[in-house]
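Spelled out, the chains give:
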Amino acid sequence: MPIISILNPKGGSGKTTITTNLARSLHERGHKVLIVDSDPQGSARDWHAANEENPLPLVALDRANNVKSLPDVAAAYNFVMVDGAAKLEDMIAASIKITDFVFIPVTPSPYDLWAASDLVEFIKARQEVTDGKPAARFIISRAIAGTRLGDEIVTALAEQGLGVFGTHITQRQVYPQTASEGGTVFDSKNADALAEVNALTDEILAFID
Ligand code: ADP
Ligand code: MG
């Protein structure tokens, strides 16, 4: 039922990677999951088309107006995962209105965090008129393995006033490698990548409960 949107106007922050991996992770746990590609660039569509045996259904929504119909569609699924558009403000605004949760992938760079501040302000303004919906959190994406978040990142995160999940998605070859065949880390034997996607899934399920 819940609609989860993975949003960040910045390209390359890991939206599509995180959407597809989380969607598959939820599917592996027996949930019925729909992926919605709201980005006209169509990366999730390309990913889906690269694998005839993809176990997940995907629909493309290319107009902000169509996003409004998602709550009706969501009734037939346990989770709807919206892969966010880059730049397109009307698309992002439409998603924020219908979504239950927004997760914002950011690379561990203060510049990327600052670049997300307009989105964060937008979400906060929406929360004020809706009693807190959508609930939102950051996901640290493309982190360097074995390193902790620098103090400047922790400060920049705190300034944004949204929480952050403790699990980070690390920069790993297995993400683009599996994506190129229309897959996810669940099609690999990379135990570290599987562990982080599963840990993030656990955190998200606890958060939205
Ligand atoms: P977005 O959807 O925000 O534009 P993508 O998920 O498409 O971001 O990621 C941009 C590029 O970076 C893609 O080539 C993708 O394969 C790569 N990438 C994303 N996340 C990771 C990661 N954790 N490790 C390695 N490469 C990544
Ligand atoms: Mg994308």
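Numbering of residues starts from 1 in every chain and runs along the sequence as written. Just so you know, chain letters begin at A and ligand numbers begin at 1, following the order they were written in. Where totals are concerned, whole chains, interfaces and linings use all residues; where local detail is concerned, this predicted model gives features only for residues with pLDDT of at least 70, and gives and counts side-chain atom pairs only at 80 or more. In computing side-chain values, all of the structure's heavy atoms are included and hydrogens and water are not.

A. Examining the overall build of the protein chain more closely. The way it works is that DSSP assigns letters per residue, a run of H or I at least four long becomes a helix, a run of E at least two long becomes a strand, and they are numbered from the N terminus. When its secondary structure is counted, the protein chain shows 10 helices and seven strands. With the C-alpha coordinates aligned to their principal axes, the bounding extent of the protein chain is approximately 45 × 40 × 30 Å. Only protein chains enter the calculation, and the probe is 1.4 Å; a residue is then buried if its accessible area is under 20% of its type maximum, exposed if over 50%, and partly exposed in between. Counting every position in the protein chain, which comprises 209 residues, the buried fraction comes to 50%. Excluding contacts between residues fewer than 6 apart, the proportion of contacts in the protein chain whose partners are at least 24 apart in sequence is 76%. The accessible surface values rely on the Shrake-Rupley method and a 1.4 Å probe; as for residues, cover is taken only from the protein chains in view. On the protein chain, roughly 9,900 Å² of surface is accessible, and the fraction owed to carbon and sulfur atoms is 50%. Counting rule for charge: Lys and Arg are taken as positive, Asp and Glu as negative, and neither His nor the chain ends is counted. Charge positions come from single atoms, namely NZ of Lys, CZ of Arg, CG of Asp or CD of Glu. Seen as two clouds, the 18 positive and the 27 negative side-chain charges of the protein chain have centres 2 Å apart. Contact definition: two residues touch when any of their heavy atoms are within 4.5 Å.

B. Summary view of the nonpolar core. In this description, a nonpolar core means a group of buried Ala, Val, Leu, Ile, Met, Phe, Trp, Tyr and Cys residues linked to one another through side-chain atoms lying within 4.5 Å. Formed by 29 residues in total, the largest nonpolar core has its most connected members in Ile 4, Met 81, Phe 103 and Val 185. Looking at this core, the elements that each hand over two or more residues are β1 (3-6), α1 (15-28), β2 (33-37), α2 (43-49), β4 (79-83), β5 (101-106), α9 (174-179) and α10 (191-208). When residues of this core are assigned to their parent elements, the largest contribution, six residues, is made by α10. When near neighbours in sequence (up to four residues on either side) are disregarded, Ile 4 contacts Phe 79, Val 80, Met 81, Val 82, Thr 99, Phe 101, Phe 103 and Ile 208. One finds Leu 7, Ile 104, Ile 140 and Leu 157 within the second-largest nonpolar core, a separate group that totals 19 residues.

C. Geometry of α10. The end-to-end C-alpha distance of α10 is 26 Å, a good match for the 26 Å that 18 residues give at a rise of 1.5 Å each. Every buried residue of α10 is listed here: Ala 193, Leu 194, Glu 196, Val 197, Leu 200, Thr 201, Ile 204 and Ile 208. End-on, the buried residues of α10 take up no more than an arc of 165°, which puts them together on one face. Structural note: α10 exposes Ala 191, Asp 192 and Ala 206 on the side pointing more than 90 degrees away from its buried face. The inward-facing, buried residues of α10 contact β1, α1, β4, β5, β6 (135-140) and α9. Counted as a polar contact is a pair of N or O atoms within 3.5 Å, where, for protein atoms, one must be capable of donating a hydrogen and the other of accepting one, and residues adjacent in sequence contribute only when both atoms are in side chains. One side-chain oxygen at the N-terminal end of α10 lies 3.2 Å from the backbone nitrogen of Asp 192; it belongs to Asn 190. A helix's residues, less one, multiplied by 1.5 Å, set its expected span. The arc in question is formed by the directions pointing from the helix axis toward the C-beta atoms.

D. Seen up close, unusual backbone geometry. Of note, the bond from Lys 133 into Pro 134 is cis; its omega dihedral lies within 30 degrees of zero at 0°. Mapping Pro 134 onto the fold places it in the loop between α7 (117-130) and β6.

E. Structural view of the packing of α1 against α10. All axes are obtained by fitting lines to C-alpha atoms, using only the stretch in contact for helices, and the reported angles, taken between N-to-C directions, cover 0 to 180 degrees. Remark: α1 packs on α10, axes separated minimally by 10 Å, with the N-to-C direction vectors making an angle of 75°. Here α1 is positioned roughly perpendicular relative to α10, judged by the angle of their axes. Here α1 contributes Asn 21, Leu 22, Ser 25 and Leu 26 to the contact with α10, which in turn contributes Val 197, Asn 198, Leu 200, Thr 201, Ile 204 and Leu 205. Under the convention adopted here, Pro, Cys and the residues Ala, Val, Leu, Ile, Met, Phe, Trp and Tyr are nonpolar, Asp, Glu, Lys and Arg are charged, and Gly plus all remaining residues are polar. Its residues placed into classes, the contact of α1 with α10 shows six nonpolar, four polar and no charged. We call two directions roughly parallel when the angle between them is under 35 degrees, roughly antiparallel when it is over 145, roughly perpendicular when it lies between 65 and 115, and oblique otherwise.

F. Inspection of the side chain of Glu 196 at higher detail. Within the element layout of this structure, Glu 196 appears in helix α10. Its relative accessible area of 7% is what places Glu 196 among the buried residues. Of the polar contacts made by the side chain of Glu 196, one reaches the side chain of Arg 172; its length is 3.0 Å.

G. Fine view of the sheet that holds β6. Whether two strands pair comes down to DSSP finding at least two bridges between them. Pairing in this open sheet of seven strands is parallel, and the strands run β3-β2-β4-β1-β5-β6-β7 from one edge to the other. The strands lining the two open edges of the sheet, one partner per strand, are β3 (58-60) and β7 (163-164). In this structure, β1 lies alongside β5, joined through three bridges in parallel fashion. When the sheet's bridge partners are listed, Ile 4 is paired in β5 with Phe 101.

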